[in-house]
Amino acid sequence: AVPRTRILATGGASHNKKILQVLSDVFNAPVFTIDTANSACLGSAYRAIHGLVAEQNVSLADVVKSAPEPRLAVTPTPGAEELYRPLLKRYAELEQKVIYNPASSC
């Protein structure tokens, strides 16, 4: 994982610990949740506010300071990184192949 990476899960799936654990294991990062309704709308509102104040050099981090505090839901299973790291590398290679040469991937 990228240093300091964390996943913020919202919506219905964020209530399923098994799904959150898979995300954590695959990306080797802790998964946090926010207990708030309409999280997609809330995220859009924060981005809109950021857009309005961007010319004043206000960072998105400053805009979301008033957001609900995320709660740690799960952490990566020890040893899972060794399983998923090669798969993520292969996935990235396949994705690049499709993006840069879509005709050959069909």
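Numbering of residues starts from 1 in every chain and runs along the sequence as written. In keeping with the model being predicted, local features are shown solely for residues with a pLDDT of at least 70 and side-chain atom pairs are shown and tallied solely at 80 or more, while totals for entire chains, interfaces and linings include all residues. The side-chain quantities take in all heavy atoms of the structure and omit both hydrogens and water.

### Notes on the side chain of Ser14
Just so we agree on the cut-off: Counting from the N terminus, the helices are the DSSP runs of H or I reaching at least four residues and the strands are the DSSP runs of E reaching at least two. Accessibility here uses a 1.4 Å probe with only protein chains present; expressed as a share of the type maximum, an area under 20% marks a residue as buried, one over 50% as exposed, and anything in between as partly exposed. By the criterion applied in these results, polar contacts are pairs of N or O atoms within 3.5 Å in which, for protein atoms, one can donate a hydrogen and the other can accept it, and in which residues neighboring in sequence qualify only through two side-chain atoms.
Examined against the element boundaries, Ser14 turns out to sit in the loop between strand S1 (7-9) and helix H1 (17-27). On the basis of relative accessibility, which here comes to 12%, the residue Ser14 falls in the buried class. A distance of 2.5 Å separates the side chain of Ser14 from the backbone oxygen of Gly11, its partner in a polar contact.

### Let's talk about the packing of H1 against helix H4 (residues 80-100)
Counted only if it meets this: Think of each axis as a best-fit line through the C-alpha atoms, taken over the contacting stretch in the case of a helix, with angles from 0 to 180 degrees between the N-to-C directions. For classification, angles of less than 35 degrees are called roughly parallel, those exceeding 145 degrees roughly antiparallel, those between 65 and 115 degrees roughly perpendicular, and all remaining angles oblique. Note on definitions: a residue-residue contact is assigned when non-hydrogen atoms from the two residues lie within 4.5 Å. Throughout, the ten residues Ala, Val, Leu, Ile, Met, Phe, Trp, Tyr, Cys and Pro are labelled nonpolar, Asp, Glu, Lys and Arg are labelled charged, and all others, Gly among them, are labelled polar.
One can describe the packing of H1 onto H4 by two numbers: an axis separation of 7 Å at closest approach and a directional angle of 70°. For the element pair H1 / H4, the angle class is roughly perpendicular. Counted together, Asp25, Val26 and Phe27 of H1 and Ala80, Tyr84 and Leu88 of H4 form the full contact between these two elements. Class assignment for the residues of the contact of H1 with H4 results in 5 nonpolar, no polar and 1 charged.

### Section: the sheet that holds S1
Formally: Any two strands with at least two DSSP bridges between them are considered paired.
Taken in spatial order, the 3 strands of this open sheet run S1-S2-S3, and their pairing is mixed. In this open sheet, the two strands that pair with only one neighbour each are S1 and strand S3 (71-74). Ignoring which end each strand starts from, the neighbouring axes of this sheet average 45° apart. Where H1 meets the sheet, its contacts fall on S1, strand S2 (31-33) and S3, and the angle it forms with S3 comes to roughly 85°.

### Focus on the pattern of salt bridges
Inclusion rule: Salt bridge, as used here, is a side-chain nitrogen of Lys or Arg placed within 4 Å of a carboxyl oxygen of Asp or Glu.
What the rule picks out here adds up to 4 salt bridges. Between Asp62 and Lys65 there is a salt bridge whose closest N-O contact spans 3.2 Å. Relative accessible area serves as the criterion here: at 65%, Lys65 is assigned to the exposed category. Among the ionic pairs, Arg85 bridges to Glu81, the shortest N-O distance being 3.6 Å. Taken together, the residues Arg85 and Glu81, both in helix H4 and 4 residues apart, mark about one turn of the helix. A residue is classified by how much of its surface remains accessible, and Glu81, at 27% relative accessible area, is partly exposed.

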